[in-house]
Protein chains: 2
Amino acid sequence: MNKIYVVGIGPGEYEQMTIKAANVLKSCDTIIGYTVYVKLVEEYFPGKEFLTTPMKKEVDRCVLAFEEAMKGKTVAMICSGDAGVYGMSGLMYEIGTRYPDVEIEVVCGVTAAIGGAGVLGAPLIHDFCVISLSDLLTPWEKIEKRLLSASEADLSIVLYNPSSKKRHDYLQKACDLMMQFKSPDTVCGTVVNIGREGQSGTVMTLKELRDTQVDMFTTVFIGNSQTKNVNGKMVTPRGYKNV
Amino acid sequence: MNKIYVVGIGPGEYEQMTIKAANVLKSCDTIIGYTVYVKLVEEYFPGKEFLTTPMKKEVDRCVLAFEEAMKGKTVAMICSGDAGVYGMSGLMYEIGTRYPDVEIEVVCGVTAAIGGAGVLGAPLIHDFCVISLSDLLTPWEKIEKRLLSASEADLSIVLYNPSSKKRHDYLQKACDLMMQFKSPDTVCGTVVNIGREGQSGTVMTLKELRDTQVDMFTTVFIGNSQTKNVNGKMVTPRGYKNV
């Protein structure tokens, strides 16, 4: 049977890929992905056929993967982070209904929430929520509701896509919403270039985060009411009772 | 400087560990962990010193790691899944304040939410929330509030620790709470033994989930209002507008 692996390559650094992901990329014929992600991996997998499509061409990329698989090739569709967190695996299953002869297997990876948490310390030890601030496919009112509900429930929050050229004030708007329920002194953190050159984490308060300008390569972490700054690390305790 | 790595070994299967995690375990002197997790890895790292402590002895386990590191050994403290999601990295930073000469580095892994999602299909493509049903260190009222808020905000939800001998009806209680805001027909899934022998995923509705008995090796997924059953896979679309 024709086969496509949808592979999360992790944050970027080769070593943060799972052994399975590396084995799949070594054994497949063709690696397909967004141009930037293909550049991250191509040096480690010489001799493979690499195919790319630009951003916002995700549907075309999926169709390309299925068409290549139908030629009898074993195909790996790569995603940064995990394949299933804002990744390509969902669209692959949806478009896959048109290609019943192609089997899909998801190969998991370390998503930015996990990778970034490790840089900042341990912000996600307790219940948390992952929210994207991109309103390209989601109405802003829905995002707003989620920020408010998660804050009211005292969840730690990870923000993906916190900013872009068109959305330069979205993080500020999100912080103002979260501060309706979270203290301005809540411990927060930002991480840029997770697992890539220039990786760097900064711990700050929610009030400070509000006035911080971040870019699209940043992942943002907001603690719960118990999160502490422990010698510069962002640490959420295991619960609400004494350790 | 004395060094401890806090290492997420992934769901269980050796291949789902990151390359970095495997390299750290190969290069360290001593591997410390909960008995069950040590059993999962010991065959792959012959010649290492293995130390274990039983469940609920997490503080003792951390102290043991620091004491071993103070003897000049390079220590790896292992956690199943990721080290930072209900893992040991938080407690290690907290207890680490007593050992200023020991450096801590977190090595990330694939947590059950990510690993289980890959088995079920693509349930976490959009915003989601991770909640543990264990009330050992968290008041039940807090858990209840989180289930209600996340459901009201139409988040996909992953439940860790959905059941135990003492808490056999917690998943049922949680489903009843979520059904205050989520349709009984919401697409859900359970995964047992992620990345281990007997791994198996089942897709069902929220109404069916309510009457399903799960054990402590199960991770539970509840979709958002858009989540679909695509040929037996649980698939959440990328947003609320047409693909």
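Note that this is a predicted model, so its numbers are computed, not measured.

This part covers the packing of helix 6 (residues 140-152) of chain B against helix 7 (residues 170-178) of chain B. Between two packed helices, both the angle of their axes relative to each other and the distance between the axes serve to describe the pair. Residue and element names in this part refer to chain B. Packing of helix 6 against helix 7 leaves a shortest axis separation of 9 Å and a crossing angle of 40°. Between helix 6 and helix 7, the angle is such that the two are oblique. Like other packed secondary-structure pairs, helix 6 and helix 7 cross with a definite hand, here right-handed. Contacts between helix 6 and helix 7 involve W140, E144, L147, L148 and S151 from the first element and Y170, K173, A174, L177 and M178 from the second. Here the contact of helix 6 with helix 7 is composed, by residue class, of 7 nonpolar, 1 polar and 2 charged.

Grouped together as the largest cluster of nonpolar side chains are 87 residues, with contacts concentrated most on I4, M77 and M92 of chain A together with I4, M77 and M92 of chain B. Those residues in contact with I4 of chain B that lie beyond four places of it in its chain are A65, F66, A69, V75, M77, M92, V102, E103, I104 and E105 of chain B. Of all hydrophobic cores here, the second largest spans 48 residues; its members include C129, I143, A150 and M178 of chain A.

Counting residues at the interface gives 69 residues for chain B and 69 residues for chain A. Taking both partners together, chain B and chain A bury about 5,900 Å²; carbon and sulfur atoms supply 62% of that area. When the buried area of chain B at its contact with chain A is split by residue, L137, R146 and R238 of chain B rank highest and sum to 12% of it. Put simply, R238 of chain B and E58 of chain A hold a salt bridge, and the shortest N to O gap is 3.6 Å. Summed over the shared surface of chain B and chain A, the number is 36 residue pairs in polar contact (both at pLDDT 80 or more). Of the residues that constitute the side of chain B that touches chain A, the class distribution is 31 nonpolar, 21 polar and 17 charged. Examined bridge by bridge, strand 7 (residues 128-132) of chain A and strand 7 (residues 128-132) of chain B share 3 bridges and lie antiparallel to one another. Each residue of the ladder has a partner; that of V130 of chain A, found in strand 7 of chain B, is F128 of chain B.

Another aspect to go through is the sheet that holds strand 12 (residues 228-230) of chain B. Residue and element names in this part refer to chain B. With mixed pairing, 3 strands are arranged side by side in an open sheet as 6-13-12. Strands with a single pairing partner mark the edges of an open sheet, and in this sheet they are strand 6 (121-122) and strand 12. One ladder, built from 3 bridges, connects strand 12 with strand 13 (residues 233-235); its direction is antiparallel. What sits directly across from N229, in strand 13, is M234.

Calculation notes
- Residues numbered from 1 in each chain as written.
- Chains lettered and ligands numbered in written order.
- Predicted model: local features only at pLDDT ≥ 70, side-chain atom pairs only at ≥ 80, totals over all residues.
- Heavy atoms only, no water.
- Axes fitted to C-alpha atoms, helices over the stretch in contact; angles between N-to-C directions.
- Helix = DSSP H or I, 4+ residues; strand = E, 2+ residues; numbered from the N terminus.
- Parallel < 35°, antiparallel > 145°, perpendicular 65-115°, else oblique.
- Left-handed = near helix turned anticlockwise from the far one by under 90°.
- Contact = heavy atoms within 4.5 Å.
- Nonpolar A, V, L, I, M, F, W, Y, C, P; charged D, E, K, R; others polar.
- Core = buried A, V, L, I, M, F, W, Y, C linked by side-chain atoms within 4.5 Å.
- Buried < 20%, exposed > 50% of the residue type's maximum accessible area, 1.4 Å probe, protein only.
- Buried area = accessible area lost by both parts, 1.4 Å probe.
- Salt bridge = Lys/Arg side-chain N within 4 Å of Asp/Glu carboxyl O.
- Polar contact = N/O pair within 3.5 Å; in protein donor to acceptor, adjacent residues only side chain to side chain.
- Pairing = 2+ DSSP bridges.

Structural measurements only, silent on function.
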